[in-house]
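Below, each chain spelled out in residue letters.
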Amino acid sequence: MRIKLINIFVLLFVLTCVLYARPRKTNLAKITIDVNKPGHTISPTLFGIFFEDINHSTDGGIYPELVRNRSFEDADTLQNWKFTNQNGTSSASIIYPEIYSNQWVPALNAFNRKMLSIKANGTFKLENGGYWGMNIEKGCAYTFQLAAFCSNGFNSPLKISVVSSKGIELASTEIKRIEDKWRYFSVNLLASGSDSKSHLEIGSEGKGSLYMDMISLMPDQTWKNHGLRVDLAEAVNALHPKFFRFPGGCWVEGDDFKHMFHWKNTIGNIDTRTPLWNIWGYNATNGLGYYEYLQMAEDMGAEPLFCISAGISHKEIIPMDQMGQWVQDALDAIEYANGSENSVWGSIRVKAGHPKPFNLKYIEIGNENGGEAYNERWTLIAKAIQSKYPEIKLIANDWGGYPKDPMPVMKDEHYYNVPDWFVWNANKYDNYDRKGPKVFVGEYAVTGQTGNGNLRGAIGEAAWMTGLERNSDVIEMAAYAPLLCNSNHKAWPINLINFDSNRWYGLPGYYVQKLFAENQGTVSLPVNIADAPDIKAPYSEGCIGLGTWSNSAEFKDLKVVSSNGNELYQADFTKNIDDWRKTGGEWSVKDGVLRQSAIAPNTTAFVGDKSWADYTITLKARKISGDNGIQIYFRNQNNDQRLRWEAGGNGNTAFMMDNGISSKNVPGSIEVNRWYDIKVEVIGTTVKAYLDGNLVQEMTDDNANTKSLCVSAAKDDHTGDIILKVVNTSSIPVKTEVNLLGAENLSGMGKAIVLTSASPLDENTLDEPTRVSPKTESIKFSSAKIGRIFQGNSLTVLRLETKSGKIN
């Protein structure tokens, strides 16, 4: 009997092994495209670019001036220049117009007040290394220019040399016959060698006074001969932008009105464009000004979109009775771009070299402005523009709401977040209200949990862009931000195109932008996805935090209790919070109160366990001073996440909630120096916020799980192709059947363009610029049902040919 039982157990074991060894049937995801039910026309301006003077994107970037601080206006000292007194007692200094030795020393012009003064007594040398090295290429021509005059007997020639980092002279020439009044000199240089870390030298010897200004070294070859660095301009142009928003961004607002982009100060002779301290931490020469931006847009075949000041800076607001200048500046900008040669500003454009109008159609009023102050200035500026230029399409900021008098053609929404946020919001606009203004997603990018810009970030953006394309009946324009970054000055964490003096690379996200632009299609096709794997919501667990933004606040009696009644954390603030993780601010504890005193952005402190799931936060808090209110963070995994509820946000005009998947603002404010009882419940997919026992805001994410596949589809009437963009946001391959419902004229030929890599953490660098880049393969198919495995963390563009071919 025992032997029989053993034999039975052995037989059962063998059968079990056989059964589990057999291939299991895996779910087959299905993508169905209704080819015979075309939808809306895809916006022809859907994907464009946003250009801001940030990260040395302009000076030291796409504007190819090699000399840094060419006008000596950057400081009252010899900044970015090195003066060497080689033998003798020569000296150099930055001066304003002055009387020296009974002689008046004038400025070069009324707008360029500073100059270099050299008191020569022997041999001297002046050096400039440019923007972290000058890129000089063998066989290429360069033009050196300067303005100079001399006095007190100085009559020596100047030797102009371009020298490599190893001290080898790559090019040289002389400038002679400097006179006792300002005179411009221009000489040509031909490089005999190459070095990306070269520098400029100006040397001489003699006795007397020498004055110099506007020292420039520029490559003769620029993109389309319009003054742009060739490789960077080509990299931007390869994105095929349909519109070109400029010049910002925060650069439009300025930290204050003295330090903002005033377009009238950026046109005309280069020598009269006074450099200005940029909000992003350097001096802008304005060599790339309003005219050049319009020219760049034209050269790229993109619609120019000029973003103007609403009379609101980061720190100041122009009184309504002083807004006349700002209104007139807006009207004059349109006349400069579009006016006839007989108009005041149109004639200035003609003299600059562009007889035909630039055909500017889009004006955005303000950048990230909101509230009553913005609304009333919008009304003033918008009505003035509509009265004189009714054909101009006006775009408003949507910053906690948007103005409606007059109603804008588009409203500008900005989104920066982590990859999972963009994946979960790929369907954000599927059920969007179609009755209001069209949407301009003026800025978006993955800026957290993406390293220096890795594949996973690109996949998040690709998923988001499928939603933009599917909903391009309401999304009229969208642009990644920021566009360019000199790797030596990274003012923003993640940037699409990164470069040094002679190289560049695009993030994996650069190729996402390029693939969507190159494969847009003209008519949207309905898409249905079935049986694709679900992916878990990313924000179901995490610790808690307290914070402020540009204000100070106090907190006390903090307690965190789990949904089952267990106390997870309690603090009476009788001791310092040394065990909390802080991102900034000035945190102190006194008499049972935690105080954050710094008036600064992004001041947060976190505590607790990342495994905490459902819980209730209770505390007392009050605002002390500053612009905004009280921030309560929840389900935080990393200090760069901003899942929170804020009472008195957006300049103390709103209650603001972000659950990591979506965000929502409702009107509301808090009083200064008033203690509030605050409770935030975080249970499942619902977050509730209470103030003094009253429920003031609630959010529920009905889409607790989402599909791993994000898809958009289109027909291209120009080629006849059917185009699918499929983003697999999961980490595993997904076996899929693509059903082209109603397709009758397929050729059976096509191609697949795939962006993926071995790891979602893979990045491109200057040394490996195409490590993560698309690969193209030809494909053949025999029916309207196509089987394909989409790799984990991949973007695949399928272009399927039809027998109809190109439509003329």
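Reading the values: the criteria
Residues numbered from 1 in each chain as written. Predicted model: local features only at pLDDT ≥ 70, side-chain atom pairs only at ≥ 80, totals over all residues. Heavy atoms only, no water. Helix = DSSP H or I, 4+ residues; strand = E, 2+ residues; numbered from the N terminus. Rg over C-alpha atoms; globule rule 2.2 N^0.38 Å. Buried < 20%, exposed > 50% of the residue type's maximum accessible area, 1.4 Å probe, protein only. Contact = heavy atoms within 4.5 Å. Areas by Shrake-Rupley, 256 points an atom, 1.4 Å probe, with all protein chains shown as cover. Lys, Arg positive; Asp, Glu negative; His and termini not counted. Charge placed at Lys NZ, Arg CZ, Asp CG, Glu CD. Pairing = 2+ DSSP bridges. Axes fitted to C-alpha atoms, helices over the stretch in contact; angles between N-to-C directions. pLDDT = per-residue confidence, 0-100. Parallel < 35°, antiparallel > 145°, perpendicular 65-115°, else oblique. Left-handed = near helix turned anticlockwise from the far one by under 90°. Nonpolar A, V, L, I, M, F, W, Y, C, P; charged D, E, K, R; others polar. Core = buried A, V, L, I, M, F, W, Y, C linked by side-chain atoms within 4.5 Å. Salt bridge = Lys/Arg side-chain N within 4 Å of Asp/Glu carboxyl O. Polar contact = N/O pair within 3.5 Å; in protein donor to acceptor, adjacent residues only side chain to side chain. Phe/Tyr/Trp six-rings, centres within 6.5 Å; stacked < 30°, edge-to-face > 60°. Disulfide = S-S within 2.5 Å.

As for the overall build of the chain
For the chain, the helix and strand inventory stands at 11 helices and 51 strands. In terms of overall dimensions, the chain is globule-like: its C-alpha atoms have a radius of gyration of 31 Å, near the 28 Å expected for 808 residues. Seen through its C-alpha atoms, the chain measures out along the principal axes to roughly 120 × 75 × 70 Å. Out of the 808 residues in the chain, the part that is buried amounts to 56%. Of the contacts formed within the chain by residues at least 6 apart in sequence, a portion of 74% connects residues at least 24 apart. Counting only carbon and sulfur atoms, one obtains 49% of the accessible surface of the chain, whose full area is about 33,700 Å². Computing the positive centroid from 82 side-chain charges and the negative centroid from 90, the chain places the two 5 Å apart.

Things to note about the sheet that holds strand 50 (residues 785–790)
In space, the 4 strands of this open sheet follow the order 27-1-47-50, with mixed pairing throughout. Each having just a single partner strand, strand 27 (527–530) and strand 50 make up the two edges of the open sheet. Strand after strand, the sheet turns through a mean of 20° between neighbouring axes, direction not considered. With 6 bridges connecting them, strand 1 (residues 29–34) and strand 47 (residues 734–741) associate as parallel partners. Looking at strand 47, one finds that I33 is bridged to L740.

Some thoughts on the pairing of strand 48 (residues 746–755)
With 7 of its 10 residues buried, strand 48 lies for the most part within the structure. Summarising the sheet, strand 48 and strand 51 (residues 794–802) pair through 7 bridges and their orientation is antiparallel. By the bridge assignment, G750 is partnered in strand 51 with L800. Pairing analysis gives 6 bridges linking strand 48 to strand 49 (residues 775–780), with the strands arranged antiparallel.

Some words on the confidence of the model for the chain
Low pLDDT marks regions whose predicted coordinates should not be analysed in detail. Summarising the model, the chain shows a mean pLDDT of 93, and 95% of its residues fall at 70 or more. Below pLDDT 50 for its whole length, residues 1–25 participates in 0 contacts with residues either more than four positions away or in separate chains.

Focus: the packing of helix 9 (residues 455–470) against helix 10 (residues 508–518)
One way to put it is that helix 9 packs onto helix 10 with a least axis distance of 8 Å and a crossing angle of 25°. Classified by the angle between their axes, helix 9 and helix 10 sit roughly parallel to one another. Between helix 9 and helix 10 the crossing geometry is right-handed. Where helix 9 abuts helix 10, its residues L455, A458, E461, A462, M465, T466 and E469 lie against P508, G509, V512, Q513 and F516.

A short note on the sheet that holds strand 40 (residues 663–667)
Read across the open sheet, the 7 strands follow the order 32-35-29-37-38-39-40; overall the sheet is antiparallel. Of all the strands in the sheet, the pair left with one neighbour each is strand 32 (581–582) and strand 40.

So, the side chain of S708
Mapped onto the secondary structure, S708 falls in the loop between strand 44 (705–707) and strand 45 (709–715). Among residues more than four places away in sequence, those in contact with S708 are A532, P533, I535, V727, N728, T729, S730 and V734.

Digging into the packing of helix 5 (residues 324–338) against helix 7 (residues 371–388)
It is the contact of helix 5 with helix 7, at a shortest axis distance of 9 Å, that shows an interaxial angle of 35°. When you trace helix 5 past helix 7, the crossing you get is right-handed. Between helix 5 and helix 7, the contacting residues are V327, A330, L331, I334 and E335 on the first element and L380, I381, A384, I385 and K388 on the second. Across the contact of helix 5 with helix 7, the residue classes break down as 8 nonpolar, no polar and 2 charged.

Considering the nonpolar core
In terms of nonpolar packing, the biggest core is built from 151 residues, with Y290, I365 and I385 touching the most fellow members. If sequence neighbours within four positions are ignored, I365 has contacts with I308, A310, Y374, W378, I381, A382, I385, L394, I395 and N397. Counting 35 residues, the second largest nonpolar core, distinct from the first, contains L116, M134, A171 and M212.

Focus: the pattern of salt bridges
Applying the stated criterion across every chain yields a total of 39 salt bridges. Residues R70 and E65 are paired through a salt bridge, measuring 2.9 Å at the closest nitrogen-oxygen approach. For the pair R70 and E65, a shared accessibility class is recorded, and that class is buried. We note a salt bridge from R674 to D692, for which the minimum N-O separation is 2.9 Å. Residue R674 is located in the loop between strand 40 and strand 41 (676–683), and its partner D692 is located in the loop between strand 42 (686–691) and strand 43 (694–700); the two are separated by 18 residues in the primary sequence. On the basis of relative accessibility, which here comes to 33%, the residue R674 falls in the partly exposed class. The partly exposed category is assigned to D692, whose relative accessible area is 31%.

Observations regarding the pairing of strand 43
As defined by bridge partners, strand 42 adjoins strand 43 across 6 bridges and the pair is classed as antiparallel. Its bridge partner being in strand 43, Y690 is matched across the sheet by L695. Linking strand 42 to strand 43, which pair antiparallel, is a turn of 2 residues; within it D692 sits at a positive phi near 50°.

Things to note about helix 6 (residues 344–352)
Taken as a whole, helix 6 has its buried residues at W345, G346, S347 and R349. Looking at the buried side of helix 6, the elements it contacts are helix 4 (290–299) and helix 5. Two or three places before G346, at the start of helix 6, stands the capping residue S343, its side-chain oxygen 3.0 Å from that residue's backbone nitrogen. Just downstream of helix 6, G353 is the residue with a positive phi angle, here 120°.

Re helix 4
Most of helix 4 sits inside the fold, with 9 of its 10 residues counted as buried. Along its buried surface, helix 4 packs onto helix 2 (230–237), strand 14 (243–246), strand 17 (303–308), helix 5 and helix 6. Residue G301 follows helix 4 closely and has a positive phi angle near 70°.

What about the packing of aromatic side chains?
Counted according to the given criterion, the structure contains 41 aromatic pairs. Aromatic pair F149 and W182: ring centres 4.9 Å apart, planes at 70°, arrangement edge-to-face. Here W182 lies in the loop between strand 11 (169–175) and strand 12 (183–190) and F149 lies in strand 9 (residues 141–151), a separation of 33 residues in the sequence. Residue classification places F149 among the buried positions, given a relative accessible area of 1%. Note on F261 and Y293: the rings are 6.2 Å apart at their centroids and 65° apart in plane angle, and the pair reads as edge-to-face. With F261 in the loop between helix 3 (250–253) and strand 15 (276–278) and Y293 in helix 4, this residue pair connects regions lying 32 residues apart in the sequence.

Describing the environment of D412
Mapped onto the fold, D412 is located in strand 20 (residues 410–417). On the accessibility criterion, D412 (3% relative accessible area) is buried. The spacing of D412 and G339 is 73 residues in sequence and 27 Å in space, taken between C-alpha atoms. Dropping the residues within four chain positions of it, D412 is found in contact with R245, E364, I395, A396, N397, D398, F440, V441, G442 and E443.

Here's the deal with the environment of D767
Here D767 shows up in the loop between strand 48 and strand 49. Residues D767 and S472, 295 residues apart in the sequence, show an inter-C-alpha distance of 37 Å. Engagement of the side chain of D767 in a polar contact is seen with the side chain of R503, the distance being 3.0 Å.

Observations concerning the state of the cysteines
Formally, a disulfide is one covalent bond, and it connects the sulfur atom of one cysteine to the sulfur atom of another. Following the criterion strictly, the structure yields 0 disulfides and no others. No disulfide involves C250; its sulfur sits 10 Å from that of C307, the nearest cysteine.

Comments concerning unusual backbone geometry
Most peptide bonds take the trans configuration, and most residues that are not glycine carry a negative phi. The omega angle of the peptide bond from G248 to G249 is 10°, so this bond is cis rather than trans. Structurally, G249 is set in the loop between strand 14 and helix 3. Even without glycine at this site, D692 takes up a positive phi of about 50°.

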